[in-house]
Amino acid sequence: GESVGLHLPTLSVQEGDNSIINCAYSNSASDYFIWYKQESGKGPQFIIDIRSNMDKRQGQRVTVLLNKTVKHLSLQIAATQPGDSAVYFCAENIRDGGSQGNLIFGKGTKLSVKP
Amino acid sequence: EPEVTQTPSHQVTQMGQEVILRCVPISNHLYFYWYRQILGQKVEFLVSFYNNEISEKSEIFDDQFSVERPDGSNFTLKIRSTKLEDSAMYFCASSGLGQGAKTQYFGPGTRLLVL
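Only a predicted model underlies this, so the values are computations on that prediction, with no experimental measurement involved.

Caption draft 1: Highlighting the overall build of chain A. A tally of regular secondary structure across chain A gives zero helices and ten strands. Order of helices (α) and strands (β) in chain A, N terminus to C terminus: β-β-β-β-β-β-β-β-β-β. The buried share of chain A, reckoned over its 115 residues, is 41%. Considering only contacts within chain A whose residues lie at least 6 apart along the sequence, 54% involve residues at least 24 apart. When the accessible surface of chain A is totalled, it reaches about 5,900 Å², and 47% of it is carbon and sulfur.

Written as C-alpha cells, this is what we have:
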C-alpha cells in the first residue's frame, strides 16, 4: 500500500544555483521559527532561526524570510553545494517568556543537488 | 563544539520489553526534550523537562513513557512495555537560558526497532 509519509516534496537544483525552500506554519501565535537540516540517519541540525519581530535574517549562505501575514517561512541557500543535499524542516515554537515550549515540525522538503 | 550525545545508536527489542534510551545534553543547558520520528515522517514532540520535572508532554507520551535525570549529566527516556508502533528514531534535544535559549540542539538519535 502507499505510505503517504514517504512522499516528501522534493527540490532538485544544479550545483551553484540558489535554492528556496518554503514552509507554511500553522499557528499565528508562534513567535519563534527554526530551520533544521537532516541528513540520512542523523539528527536535525540547526541552520538558522528567526523571531516573529523580524522578517528577515541572514547567516552564512543562508537567509530566512518570515511573512506573518500569510504564515509563510522560507529558507534561501546561496550557491548550493552537494553537501547541502538533505531534508530541510521548518519548526515553530508557540511559547514565549520563561517556558521553552516544544517545537512543531513541518513535513520537510528534500533538497537534491546535482553536480 | 558542544553537542548532544545519545546511546545506543541502535536498539532492537521484543514487543513488551522495557527499553531505556540515554542522552547526555549540552552541559550548560537546562531544558531537555525527547522527540521521535517514525520512518519517513516528520519529527514529533514527546516531552520537555526542566528543573527535574516534566514541563510539557504530548498525547504520544502516555503512561508507558517516563523520563528521568538520574544525575547531573544524563537524561533518559524509558518505555515500559514496548509496542510495534514504538519503532522509530528517538531524538534527544537540549536548550539553554537567556537570549537565544529557544534554540534546541538535537542529538544523533537512537533507532529503536520493536519486533
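Caption draft 2: Expanded view of the pairing of strand β7 (residues 65-68) of chain B. Residues and elements named next belong to chain B. A one-sided burial pattern is seen for β7, the buried positions being Phe65 and Val67 and the unburied ones Ser66 and Glu68. Here β7 runs beside strand β8 (residues 75-79); their pairing, made up of four bridges, is antiparallel. Of the residues in β8, the one forming a bridge with Phe65 is Ile79. Where β7 folds back on β8, the antiparallel hairpin that results is connected by six residues.

Caption draft 3: Representation of the state of the cysteines within the structure. All chains considered together, the criterion is met by two disulfides over all chains. Disulfide pairing places A:Cys23 opposite A:Cys90 at an S-S distance of 1.6 Å. On the criterion of sequence distance, the pair formed by A:Cys23 in strand β2 (residues 19-24) and A:Cys90 in strand β8 (residues 86-93) is long-range, its members being 67 residues apart. Under the relative-accessibility criterion, A:Cys90 is labelled buried at 7%. A disulfide bridge connects B:Cys23 with B:Cys92, and the sulfur atoms are separated by 1.9 Å. Linking B:Cys23 and B:Cys92, the disulfide has an S-S dihedral of approximately -65 degrees and is accordingly described as left-handed. Separated by 69 residues along the polypeptide, B:Cys23 in strand β3 (residues 19-24) and B:Cys92 in strand β9 (residues 88-95) bring together distant segments of the chain. Residue class for B:Cys92 comes out buried when judged on its relative accessible area of 0%.

Caption draft 4: Here's a closer look at the sheet that holds β7(B). Residues and elements named next belong to chain B. As summarised here, the arrangement of the four strands in space is β1-β3-β8-β7, forming an open sheet in which the pairing is antiparallel. Edge positions in the sheet fall to β1 (5-7) and β7, since each of these pairs with one other strand and no more. Strand after strand, the sheet turns through a mean of 20 degrees between neighbouring axes, direction not considered. Pairing analysis gives three bridges linking β1 to β3, with the strands arranged antiparallel. Bridge assignment links Thr7 to a residue of β3, and that residue is Arg22.

Caption draft 5: Geometry of the packing of aromatic side chains. What the rule picks out here adds up to 16 aromatic pairs over all chains. Relative to B:Phe75, the ring of B:Phe49 lies with its centre 5.3 Å away and its plane at 40 degrees, an arrangement referred to as tilted. You can see B:Phe49 sitting in strand β5 (residues 44-50) and its partner B:Phe75 sitting in strand β8, a full 26 residues away along the chain. For B:Phe49, a relative accessible area of 5% corresponds to the buried category. Grouping aromatic residues by their ring pairs yields a cluster made of A:Tyr36, A:Phe89, A:Phe105, B:Tyr33, B:Tyr35, B:Phe45, B:Phe91 and B:Phe106.

Caption draft 6: Up close: unusual backbone geometry. Residues and elements named next belong to chain B. Here the residue pair Thr7 and Pro8 is connected by a cis peptide bond, since its omega of -10 degrees sits within 30 degrees of zero. Its place among the elements puts Pro8 in the loop between β1 and β2 (10-13). Backbone geometry at Asn51 places phi at a positive 55 degrees, although glycine is not the residue there. Note on placement: Asn51 falls in the loop between β5 and β6 (53-57). On the accessibility criterion, Asn51 (58% relative accessible area) is exposed.

Cut-offs applied
- Residues numbered from 1 in each chain as written.
- Chains lettered and ligands numbered in written order.
- Predicted model: local features only at pLDDT ≥ 70, side-chain atom pairs only at ≥ 80, totals over all residues.
- Heavy atoms only, no water.
- Helix = DSSP H or I, 4+ residues; strand = E, 2+ residues; numbered from the N terminus.
- Buried < 20%, exposed > 50% of the residue type's maximum accessible area, 1.4 Å probe, protein only.
- Contact = heavy atoms within 4.5 Å.
- Areas by Shrake-Rupley, 256 points an atom, 1.4 Å probe, with all protein chains shown as cover.
- Pairing = 2+ DSSP bridges.
- Disulfide = S-S within 2.5 Å.
- Axes fitted to C-alpha atoms, helices over the stretch in contact; angles between N-to-C directions.
- Phe/Tyr/Trp six-rings, centres within 6.5 Å; stacked < 30°, edge-to-face > 60°.

Function cannot be inferred from these measures alone, as they are strictly geometric.
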